[in-house]
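The chain contents come next:
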Amino acid sequence: MRNSVAQTAFSVPGSCFFIGLHRICPGSRHLSLTFSEREGVLLLTVTTLASGSGGNAALVSCGDTHLLLDAGISAKQITAGLAALGVAPRDLTAILITHEHSDHISGLPVLCRQIGAELYTAEPTARQICYRTAGLEDRFRVFEPGERFAVGDLVVGTFATRHDCACPVGYTVEAGGQRMTLCTDLGVVTRGVLEGVR
């Protein structure tokens with residue numbers, strides 16, 4: 001199973017920017033980035049578990065902090081992808097959701113029954129998800145796009161994106177001077193997106 005996840009490590013000077021990863025890497029099942037090592041600094045790693053219309057999920061890790069960005073594949077597939085990286089579902093610190101379309105949340109109901117990780121998204125998105133899946137209301141930690149917050153060893157930034165849903169967002173994740181940005185389903189890169197990734 002370990003061989004199914006790309007083991008390529010890229011040296012990235014300080015930041016990485018993902019927009020619609022399935023367009024950048026067509027045909028690639030997984031992309032794994034390990035940010036450049038600095039003595040005494042935890043490494044920020046980013047691995048796509050799935051990307052595209054069939055489902056989206058990525059893992060961002062730093063030390064013992066593991067964030068799942070979207071859960072658009074089955075809980076079984078997420079669990080298998082995490083296992084290939086040596087991470088158990090119970091090790092997830094939080095799940096960050098970009099928007100409520102099924103290719104970003106389809107695995108969420110089952111995964112939430114299996115683990116107790118908090119869920120982060122914009123309030124209108126949380127409301128839409130709770131309409132579909134009862135019992136998640138108390139799990140959500142909602143924010144306004146543009147807010148920043150800490151999750152474990154990581155600092156998460158949020159920004160609005162444009163898509164046909166309640167309140168889509170992109171995320172920046174930072175640790176030890178290293179930063180990555182994830183935004184999906186962009187029809188256009190708006191000024192707000194550009195400001196969000198700076």
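First, a word on scope: everything that follows refers to the structure included in this document. Each residue is numbered by its place in its chain's sequence as written, counting from 1. With pLDDT at 70 or above as the cut-off, local features in this predicted model cover only qualifying residues; side-chain atom pairs require 80 or more to be listed or tallied, and sums for whole chains, interfaces and linings still use all residues. Side-chain numbers here rest on the full set of heavy atoms in the structure, without hydrogens or water.

**Side note on the packing of aromatic side chains**
Here's step 1: Aromatic pairs are defined between Phe, Tyr and Trp rings, using the six-membered ring for Trp, whenever the two ring centres lie within 6.5 Å; interplanar angles under 30 degrees are classed as stacked, those over 60 as edge-to-face, and all others as tilted. Under the definition given, this model contains three aromatic pairs.
Here's step 2: An angle of 10° between the planes, with centres 4.9 Å apart, marks the rings of Y120 and F149 as stacked. Placement of Y120 in strand 7 (residues 118-122) and of F149 in strand 9 (residues 148-151) is noted, with a sequence separation of 29 residues between them.
Here's step 3: Y120 sits in the buried class, given a relative accessible area of 10%.
Here's step 4: Pairing F143 with Y171 gives two aromatic rings, centres 6.0 Å apart and planes at 75°, and the pair type is edge-to-face. Of this pair, F143 sits in strand 8 (residues 140-143) while Y171 sits in strand 11 (residues 169-175); the two residues are 28 residues apart in sequence, bridging distant segments of the chain.
Here's step 5: The class of F143 is buried, set by a relative accessible area of 3%.
Here's step 6: Taken together, the ring pairs in this structure connect Y120, F143, F149 and Y171 into an aromatic cluster. Put simply, DSSP H or I for four residues or longer makes a helix, DSSP E for two residues or longer makes a strand, and each gets a number counted from the N terminus. Note on exposure labels: buried denotes an accessible area under 20% of the residue type's maximum, exposed denotes more than 50%, and partly exposed covers the range between, all computed with a 1.4 Å probe on protein chains only.

**Structural notes on the state of the cysteines**
Here's step 1: The disulfide criterion is simple: two cysteine sulfur atoms within 2.5 Å. Per the stated rule, a full pass over the model turns up zero disulfides.
Here's step 2: In this model C112 remains outside any disulfide bridge; the closest cysteine sulfur is found in C130, 9.6 Å from its own.

**Examining the nonpolar core**
Here's step 1: Grouped together as the largest cluster of nonpolar side chains are 26 residues, with contacts concentrated most on L68, I95, L108 and F140.
Here's step 2: Broken down by secondary-structure element, the contributors of at least two residues to this core are strand 3 (45-50), strand 4 (57-62), helix 2 (75-84), helix 4 (108-114) and helix 5 (123-132).
Here's step 3: Contact definition: two residues touch when any of their heavy atoms are within 4.5 Å. Not counting chain neighbours up to four residues away, the residues in contact with L68 comprise L49, A57, A58, L59, I78, L92, A94, I95, L96 and L111.
Here's step 4: Core analysis: the next-biggest nonpolar cluster, separate from the first, contains 23 residues, V46, C62, L67 and V169 among them. Remark: nonpolar core denotes a set of buried residues (Ala, Val, Leu, Ile, Met, Phe, Trp, Tyr, Cys) joined through side-chain atoms within 4.5 Å.

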